[in-house]
Amino acid sequence: MKYYLAIILFAATLLAASSSSSAQEDVRNNIHCQPLWGPASYDYAEYYYMPEIGVYYDVSGSQFVYKNKSLTWEHSKRLPFPYQNTDLFSTYKAVINQPEPYLYHAFYVVLYHNYKAEHPRQLCIRDSNDSRYNRFRNYSDLSSMSTSGGEPGQQ
């Protein structure tokens, strides 16, 4: 019971902190940094959390963040070996607008544990008809997309 109370208090703290900075986030827009496999409808995203594989994606740094074998957080342009065949277009991604959310990994594991096995279908930027994304797409490069997370042309 104390564990759940601690999680609720932590969530309330996060919400209070994010609402105080929401005025700043309203003027920020990083659609140009978001990968084509990112979830559509977000003008701004700091990180994606993928509960199926327990990996974060730093949108502005264009890199994945995951625990390595020594259980320290590692940053890499590619997914770790066990997840290299993950279809990033179909896996669920939670947008987290908090600096270094992986430092609160236990919280996000609990918060998104229901999304690990079954999750709602999520429209990705590549498949969106939203005109905000048109100038950032390069349809001729879609066939060369790597599921390891790179943008078109990056292998």
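Look above for the structure.
Reading guide: rules and limits
As a convention, each chain's residues are numbered from 1 in the sequence order in which they are written. The model is predicted, so local features are restricted to residues of pLDDT at least 70 and side-chain atom pairs to those at 80 or more, both for listing and for counting; the totals for chains, interfaces and linings are taken over all residues. Neither water nor hydrogens contribute to the side-chain values; these are computed over all heavy atoms in the structure. Comment: elements are numbered from the N terminus, with helices defined as DSSP H or I runs of at least four residues and strands as E runs of at least two. What qualifies as a polar contact is a pair of N or O atoms within 3.5 Å, subject to a donor-acceptor requirement within protein and to the restriction that residues adjacent in sequence count only when both atoms come from side chains. Residue contacts follow a heavy-atom distance rule, with two residues in contact if any of their heavy atoms lie within 4.5 Å. For every residue, the accessible area obtained with a 1.4 Å probe (protein chains only) is divided by the maximum for its type, and the residue is called buried under 20%, exposed over 50%, and partly exposed between those limits. When DSSP finds two or more bridges between a pair of strands, those strands are recorded as paired.

1. Quick word on the side chain of glutamine 122
Residue position: glutamine 122 is located in the segment after helix H3 (105-111). There is a polar contact of 2.7 Å between the side chain of glutamine 122 and the backbone oxygen of lysine 93. In contact with glutamine 122, not counting residues within four places along its chain, are Pro39, Thr91, Tyr92 and Lys93.

2. Comments concerning the pairing of strand S2 (residues 55-58)
Here S2 shows a buried face lined by Val55 and Tyr57 and a second buried face lined by Tyr56 and Asp58. The pairing of strand S1 (residues 47-50) with S2 spans four bridges and is classified as antiparallel. Across the sheet, the residue bridging to tyrosine 49 is tyrosine 56, located in S2. Two successive antiparallel strands, S1 and S2, enclose a turn made up of four residues, where glycine 54 displays a positive phi of approximately 65°. Relative to strand S3 (residues 63-67), S2 runs antiparallel, the two being bridged by three bridges. Along S3, the bridge assignment pairs aspartate 58 with glutamine 63. A loop of four residues connects S2 with S3, the two strands running antiparallel in sequence, and serine 62 in this loop sits at a positive phi of about 50°.

3. Concerning the environment of aspartate 87
When you line up the elements, aspartate 87 lands in the loop between strand S4 (73-76) and strand S5 (94-96). For aspartate 87, a relative accessible area of 35% gives the class partly exposed. Residues aspartate 87 and tryptophan 37, spaced 50 residues apart in sequence, show a C-alpha to C-alpha distance of 9.0 Å. Here the side chain of aspartate 87 touches phenylalanine 89 through a polar contact of 3.1 Å, landing on its backbone nitrogen.

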